[in-house]
Amino acid sequence: MKPSIREKLEQLTRRKAEIDGLLASEEATRNMDGYRRLTREHAEIEPVVALYGAYRKSESDISGAQEMSADPEMKGLIEDEIRDAREQMVQLEEDLQRLLLPRDPDDERNLFLEIRAGTGGEESALFAADLFRMYTRYAERQRWKVEVVSRSESDMGGFKEVILRIAGQGAYAKLKFESGGHRVQRVPETESQGRVHTSACTVAVLPEVAEVGEVEINPAEIRVDTFRASGAGGQHINKTDSAVRITHLPTGIVVECQDDRSQHRNKAQAMSVLAARIKDGQTRAQQQQIASTRKSLIGSGDRSERIRTYNFPQGRITDHRINLTLYKIDVIMDGDLDELVAGLTAEHQAELLAALADEQA
């Protein structure tokens with residue numbers, strides 16, 4: 001283990017002992033805000049300190065075994081014990097490095113997932129509807145709550161655009177790598193000669209802002225328009241202007257919301273989406289500065305970046321960022337994204353570990 005990592009672990013061990021003392025004191029609960037901060041910090045570092053304790057125990061076991069290695073009758077048994085302890089230390093060190101990686105502060109947040117049809121006309125809109133179903137089914141498997149914020153339907157029942165709010169533990173952590181261009185290759189329903197066409201959609205995954213006030217929005221810099229909601233097949237037959245369109249003048253961001261019958265709720269939901277988009281833009285600007293010195297292998301989440309291809313005739317899905325191809329398109333389109341999510345998460349952790357190694361070098 002590198003000295004710098006060991007020193008960090010020693011610091012965390014000392015800090016946990018300090019927090020244990022503070023939480024055990026009679027004055028701990030006099031300041032409830034401070035008490036909550038301490039308990040959160042304790043919960044974050046306790047698993048790291050426990051693993052480090054196991055690592056040091058393995059070191060101690062090896063040291064003790066080596067002292068007994070002079071006994072010829074015990075030599076075989078001791079060598080086995082030393083080998084097992086060293087293997088355990090390798091695994092523990094990998095686990096410790098993973099726990100020391102910087103955490104994305106947005107990982108536990110809810111999110112807005114936006115799907116927009118791109119090139120391909122009506123076929124692209126139908127593919128957007130397929131992606132909508134895929135993500136909705138995945139969310140159901142995770143026991144997350146899904147709410148349609150806004151939708152614009154096409155003539156054949158697809159989506160020109162649809163925005164979902166997904167709420168649940170770790171939702172953003174699992175879906176944040178879905179941002180980018182999704183390409184489909186298949187025979188469209190509108191194709192009479194059976195030729196395979198290529199269409200595309202873009203997906204944006206935005207962490208929900210805890211409070212709209214978390215992002216500064218000057219009321220003088222937004223324009224709010226109301227209009228009568230409409231939907232396919234007379235879905236929303238409103239006689240009042242309940243739909244809301246908010247334009248953020250400095251950035252040109254436009255958000256529409258009309259899925260609720262209440263203008264007040266539509267406006268509140270639109271403001272939440274607007275805040276998420278503004279925050280996303282600020283985050284991307286920061287990431288571009290970081291990326292200028294280190295290129296992320298799994299991509300920047302740029303909407304124009306092609307991240308995945310869904311080839312229906314061959315039954316395969318390929319994620320181009322991690323060169324992962326799976327021949328189970330039906331299962332994945334039904335919401336089983338676990339293998340894709342696991343692969344992207346593992347690649348991201350590998351990048352962070354490589355960056356950590358560079359820093360320690």
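Remember, it's a predicted structure, so these values are computed and weren't measured experimentally. (Residues numbered from 1 in each chain as written. Predicted model: local features only at pLDDT ≥ 70, side-chain atom pairs only at ≥ 80, totals over all residues. Heavy atoms only, no water.)

## Description of the pattern of salt bridges
So, point 1. For the structure shown, the criterion picks out 30 salt bridges.
So, point 2. Put simply, Glu10 and Arg56 hold a salt bridge, and the shortest N to O gap is 3.9 Å. Separated by 46 residues along the polypeptide, Glu10 in helix 1 (residues 3-24) and Arg56 in helix 2 (residues 32-67) bring together distant segments of the chain.
So, point 3. Salt-bridge contacts for Asp61 lead to Lys57; the nearest nitrogen and oxygen are separated by 3.2 Å. Here the residue Asp61 and the residue Lys57 both occupy positions in helix 2, the gap between them amounting to four residues, near one helical turn.
So, point 4. Taking the relative accessible area as the measure of exposure, Asp61 reaches 30% and is therefore partly exposed. (Salt bridge = Lys/Arg side-chain N within 4 Å of Asp/Glu carboxyl O. Helix = DSSP H or I, 4+ residues; strand = E, 2+ residues; numbered from the N terminus. Buried < 20%, exposed > 50% of the residue type's maximum accessible area, 1.4 Å probe, protein only.)

## Here we look at the sheet that holds strand 11 (residues 324-326)
So, point 1. Read across the sheet, eight strands follow the order 2-3-1-5-4-9-10-11 without closing on themselves; strand pairing throughout is mixed. On the outer flanks of this sheet lie strand 2 (145-153) and strand 11, each paired with one strand and no other. Averaged over neighbouring strand pairs, the angle between their axes works out to 15° when direction is ignored.
So, point 2. With four bridges joining them, strand 9 (residues 306-311) and strand 10 (residues 316-319) adopt antiparallel strand pairing. When the bridges of strand 10 are listed, Tyr310 appears paired with Ile317.
So, point 3. Packed on one face of the sheet, helix 4 (residues 121-141) meets strand 1 (111-117), strand 2, strand 3 (159-167), strand 4 (180-186), strand 5 (197-207) and strand 9 and runs near 115° to strand 4. (Pairing = 2+ DSSP bridges. Axes fitted to C-alpha atoms, helices over the stretch in contact; angles between N-to-C directions. Contact = heavy atoms within 4.5 Å.)

## Regarding the packing of aromatic side chains
So, point 1. The final tally for this structure, using the stated rule, is three aromatic pairs.
So, point 2. Geometrically, the ring pair formed by Phe127 and Tyr310 is edge-to-face, given 5.3 Å between the ring centres and 70° between the ring planes. Residue Phe127 is found in helix 4, and its partner Tyr310 is found in strand 9; the two are separated by 183 residues along the sequence. For the pair shown, Phe127 and Tyr310 are each scored as buried.
So, point 3. The interplanar angle of 85° and the centroid separation of 5.7 Å between the aromatic rings of Tyr138 and Trp144 together place this pair among those described as edge-to-face.
So, point 4. For Tyr138, a relative accessible area of 1% corresponds to the buried category. (Phe/Tyr/Trp six-rings, centres within 6.5 Å; stacked < 30°, edge-to-face > 60°.)

## Some remarks on the packing of helix 1 against helix 3 (residues 75-100)
Between two packed helices, what matters for the description is the angle formed by their axes and the separation of those axes.
So, point 1. Relative orientation of the contacting elements helix 1 and helix 3 amounts to 70°, with a least axis distance of 12 Å. The orientation of helix 1 relative to helix 3 falls into the category roughly perpendicular. Helix-helix and strand crossings are classified by hand; for helix 1 and helix 3 the assignment is left-handed. Facing helix 1, whose interface residues are Ile5, Lys8, Leu9 and Leu12, helix 3 presents Leu96, Gln97 and Leu100.
So, point 2. Of the residues assigned to the contact of helix 1 with helix 3, the class counts are five nonpolar, one polar and one charged. (Parallel < 35°, antiparallel > 145°, perpendicular 65-115°, else oblique. Left-handed = near helix turned anticlockwise from the far one by under 90°. Nonpolar A, V, L, I, M, F, W, Y, C, P; charged D, E, K, R; others polar.)

## Structural notes on the pairing of strand 3
So, point 1. Of all nine residues making up strand 3, seven are buried, and the element is well covered by its neighbours.
So, point 2. Bridging between strand 1 and strand 3 involves six bridges; their strand directions are antiparallel. Residue Leu111 lies in a different strand from strand 3, and its bridge partner there is Ile166.
So, point 3. Here strand 2 pairs with strand 3 via eight bridges, running antiparallel. Along strand 3, the bridge assignment pairs Glu147 with Arg165.
So, point 4. Taking the residues between adjacent antiparallel strands as the criterion, strand 2 and strand 3 are bridged by five residues, where Gly157 takes a positive phi near 90°.

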